[in-house]
Amino acid sequence: MSTQTLPQSIEAIVDRCDRLIEEPGFAPAVAWKNAAPNRAAIGCFPVYTPAEVFYASGVLPVGLAGGGNRMEIAHADSRFQSFICSIIKSTLEQGMTGLLDDLDGVVFHSICDPARNLASVYSRNFPNTPVEYIHFPQNFEAEEAPRYLRDEYERVALFAAELSGRSMTTEDLRAAIHIYNRVRDTIRRLYALRRDSPHLLRTRELYPLVRVGHLLPPEEHAELLADALHAATTREGRERDRIRVVLTGSFCEQPPLDLIAAIEDAGCYLVDDDFLIGRRWFTGDVPENTDDPLFALAEAYLDASLPSPVKHDMRVSPARLLVERARSHRADAVIVLCAKFCEPSLFAYPTYRKALQEAGIPHLFLEFEEKMWMFDRIKGEIETFVESLLFD
Amino acid sequence: MTETHYQGKLHHLQKELMSEYYAALTASANGSGVPAAYLLIGGNPVELLRAFDILPVFPEVNALQLAVRKQSLPFIQSAEFMGYSSDNCAYVKADIGMYFGGRQTPFATIPEPSLLLCNYVGCNVYLDWFGHLAEFTGQSAFQLDIPFIRTASGKPSKEDIAYVLRQLHHLIGRCEEITGRKLDEEKLREAVRLSSLTGDLWAKIKHLTKRTPAPYDAYFDSVTMMAPLYCLRGTPQGLEFFETAYAELLAKAEAGVGPLEKERFRYVIEGPPPWPHLRAFRDMFSRWDAVAVASTYSTVGGLWEFGFTHDPDHPLESIARHLLEWNLTNRNFLQRYEQIERYLEEWNANALIIHSVKSCRLFSAGQGDMREYFTKRGVPTLLVESDLEDPRYFSEAQMRNRIDAFFESIAHRPTREGVTA
């Protein structure tokens, strides 16, 4: 009997994800490209990329997630100053050291000023690498915003077609929306499972399950997630005496895996987070079968997506939404975990702080850098915080 | 000469007009009945507000006025006490601190806004800033979303223009609600006509520094003219100021007079000034007889010197083009390299100074790459770091040493034209 037919344990699946994430380069994307003609791969800077538009055009959207804590930044430091966040520099460093050579282009978005300038610096330093920049609308109340974004996506589709040599059809786009809906739906179920039974699925396990989607074709990721959901649901576990925490602030630059583990080990069940939020951007399925699926995708960005400090939807108060999220997740506390020098994340904090204090929800503010590798101090801070709540 | 004492008629007129402007703000705060709109400098659509007699309030100008007067730190600290990070833009912190300090400044009482107009022109911090003002005031902000210049042509697409025009119509609707009256199209045309004449004069003033010696410093004296350019553009007083300024500076140019006794170095400067230490910073250049002949900072609100002019026959279209294309902040970083390249060539400069400010990452992120680009092209380039608002990020001795070393080194090497300076 082949081992492949045996149900896989969550540990085995997570272990496979860990190995894929830690491996330098983009082997799964290269294999996917080589399997058929007219295929390409593009590196997508955080936070959200309309993956469907690329995939429908024969371009695999690969997620860029910085250099982690094993990369030494030797070249990019001279291009971006010390007060710029690490992922800007580590992304450029990856390009300068050939680690992005497997990719056929890179896409940036209007998330913050350093990312905006990085798009220019990247294209100057790599004149042979096509670079795209997507301007997401910031006027969520304008009735013309969905039309504008639809047109922007159409422009991006033309760019994608040049990379792959194949233009997308409406059917291609519907199929792409379908498969990414499946991915997002399963991630939502995994998030719900963790919210309801955090002892069955640790965040240190859920995170790599989502993160590996940065590397894999969506069909393969959907299978892996389905296996993981089955394995986690049927797992046995025992609840521990931990506080329930909603974590926010880490939507772009990513903390090291060991930091996520350290937060949990310090006595927290993370029952919600905004890690890699672009992978599960929508609150529900994007309509697949409309006459104009590009418009549906644009409309979903504006009207059916999760809150994020890079979105600036003025119809709602992000701070109030955070309080509601903490309540709906029955959280004992909130941890605001900001990447050092991340302006969108740091700017969100004062409004969060005010709203959380007014709502009587305890919170802890922490900063991290992707390159950090000592966690004792931060773990100590969290332990003190947890103890202050547990023994209050 | 180690200190500059140049104060012309334009400097005195600027002070007078800005006092009147701030008096109007105080009157509005005290219940004059004139509504005020907060908006941002980048490619600002102030003409539209003029058509409704809405007072423009620029939080950036207020913040820098606090910094110049060395009043910004307590406000910054009070914002940091609220949870703002030491790494956040200090303009925002000074403004938020001032807002919660009762909107009292040494130069005016800043009125509560009737309209929060977030003209999002490139700078993402604008969105956070006005989002917070909305959260704190309980008002809804109008987000005027300006698509960033992102295609190879360096131009906005027709879809971008249509998108901005439709939003401008909504903005007109919002102004009509606030003031209770319909748009007076003739009044809008008149404001745009005044802006057009003002912009043309400003462009002519900018071109005067192509002469040797430059009749004024295109950084330290330009900033004096920038406040009227934003706060008074679209008014007869604003036009009058620029007529006076142009006449005075043209006369200086014709007479071969510059801001210093001698002009030894002509440099281009990139980045906003260190407002809390403006005088000390200026003197670091004056002591080397170095004059800025062009500055990128003076184009944040508009790039008139490269050919833009408002069009009274197409007022909204020209406002849209100003927002989209004709200002520094909505242009991409490589367009700024091109802008500097033009200054170096056409304004005949022999060095580039990059003043990297921590607060404004729109300006500063990637300036190391800019330094590398210009250095490789043989342009003597110096990058120095401080801040535009936070007085704590300025090391005077270190800054002076670096500037001294830079001018010392280029004093002894051939320029691009093959002569020593």
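Use the structure listed above.
Predicted, not measured: the structure shown is a model, and the values here were computed from it.

1. Examining the interface of chain A and chain B
Alright, step 1. On the side of chain B, 61 residues touch chain A, which itself brings 53 residues to the contact.
Alright, step 2. Taking both sides of the interface into account, the surface hidden between chain A and chain B amounts to around 4,700 Å²; carbon and sulfur atoms contribute 55%.
Alright, step 3. Per-residue buried area on chain A facing chain B is highest for A:F83, A:R116 and A:F347; these three make up 16% of the total on that side.
Alright, step 4. Counting every contact that joins chain A to chain B gives six salt bridges.
Alright, step 5. With a shortest N-O distance of 3.3 Å, A:E343 and B:R361 are connected by a salt bridge.
Alright, step 6. At the junction of chain A and chain B, the tally comes to 31 residue pairs in polar contact (both at pLDDT 80 or more).
Alright, step 7. Those elements that place two or more of their residues in the side of chain A that touches chain B are α5 (113-125), α6 (145-164), α12 (318-328) and α13 (343-359) of chain A.
Alright, step 8. Taken together, the residues that form the side of chain A that touches chain B break down as 23 nonpolar, 14 polar and 16 charged.

2. Regarding a negative patch on the surface
Residue and element names in this part refer to chain B.
Alright, step 1. Taken together, the side chains of E16, E20, E240 and E243 make up a negatively charged region of the molecular surface.
Alright, step 2. Residue assignment for the negative patch shows that the elements contributing at least two residues are α1 (9-29) and α10 (236-255).
Alright, step 3. By relative accessible area, E20 is classed as partly exposed at 46%.

3. Quick notes on the packing of aromatic side chains
The geometry of two aromatic rings is summed up by the distance between their centres and the angle between their planes.
Alright, step 1. The tally for this structure, following the rule as stated, stands at 46 aromatic pairs over all chains.
Alright, step 2. Taken together, the aromatic side chains of B:Y219, B:F220, B:F265, B:Y267, B:F281, B:F285, B:W288, B:F406 and B:F407 make up a single cluster linked through ring pairs.
Alright, step 3. Its guanidinium or amino end placed over the ring of A:W32, A:R39 lies 4.1 Å from that ring's centre, counting from NZ or CZ.
Alright, step 4. The aromatic ring of A:Y191 is capped on one face by A:R194, whose charged end is 4.5 Å from the ring centroid.

4. Remarks on the sheet that holds strand β5 (residues 243-248) of chain A
Residue and element names in this part refer to chain A.
Alright, step 1. Strand order in the open sheet made by the four strands is β6-β5-β7-β8, with parallel pairing throughout. Looking at strand neighbours, the two that pair on one side only are β6 (268-272) and β8 (363-368), the edges of this open sheet. Here the strands of the sheet are splayed against their neighbours by 35 degrees on average, with no regard to which way each runs.
Alright, step 2. Sheet topology note: the β5/β6 ladder contains four bridges and is parallel. Paired with V246 across the two strands is D272, which belongs to β6.
Alright, step 3. The sheet strands contacting α12 are β5, β6 and β7 (333-339), and the helix crosses β5 at an angle near 150 degrees.
Alright, step 4. Here α13 sits on the sheet in contact with β5, β7 and β8, set at roughly 170 degrees to β8.

5. Let's talk about unusual backbone geometry
Where the residue is not glycine, phi is negative for most of them; where a peptide bond is considered, it is trans in most cases.
Alright, step 1. A cis amide bond links A:P46 with the next residue in sequence, A:V47, at an omega value of 15 degrees.
Alright, step 2. Among the secondary structure elements, A:V47 is positioned in the loop between β1 (40-44) and α3 (51-56).
Alright, step 3. Even without a glycine there, the phi angle at A:R330 is positive, about 50 degrees.
Alright, step 4. By the secondary structure assignment, A:R330 is in the loop between α12 and β7.
Alright, step 5. Although it is not a glycine, B:K70 sits at a positive phi angle of roughly 60 degrees.
Alright, step 6. You can see B:K70 is positioned in the loop between α3 (59-68) and α4 (72-81).

Reading the values: rules and limits
Residues numbered from 1 in each chain as written. Chains lettered and ligands numbered in written order. Predicted model: local features only at pLDDT ≥ 70, side-chain atom pairs only at ≥ 80, totals over all residues. Heavy atoms only, no water. Contact = heavy atoms within 4.5 Å. Buried area = accessible area lost by both parts, 1.4 Å probe. Salt bridge = Lys/Arg side-chain N within 4 Å of Asp/Glu carboxyl O. Polar contact = N/O pair within 3.5 Å; in protein donor to acceptor, adjacent residues only side chain to side chain. Helix = DSSP H or I, 4+ residues; strand = E, 2+ residues; numbered from the N terminus. Nonpolar A, V, L, I, M, F, W, Y, C, P; charged D, E, K, R; others polar. Patch = residues over 30% accessible without salt bridge, like charges linked within 9 Å, V, L, I, M, F, W, Y side chains within 5 Å. Areas by Shrake-Rupley, 256 points an atom, 1.4 Å probe, with all protein chains shown as cover. Lys, Arg positive; Asp, Glu negative; His and termini not counted. Charge placed at Lys NZ, Arg CZ, Asp CG, Glu CD. Buried < 20%, exposed > 50% of the residue type's maximum accessible area, 1.4 Å probe, protein only. Phe/Tyr/Trp six-rings, centres within 6.5 Å; stacked < 30°, edge-to-face > 60°. Lys NZ or Arg CZ within 6 Å of the ring centre and 35° of its normal. Pairing = 2+ DSSP bridges. Axes fitted to C-alpha atoms, helices over the stretch in contact; angles between N-to-C directions.

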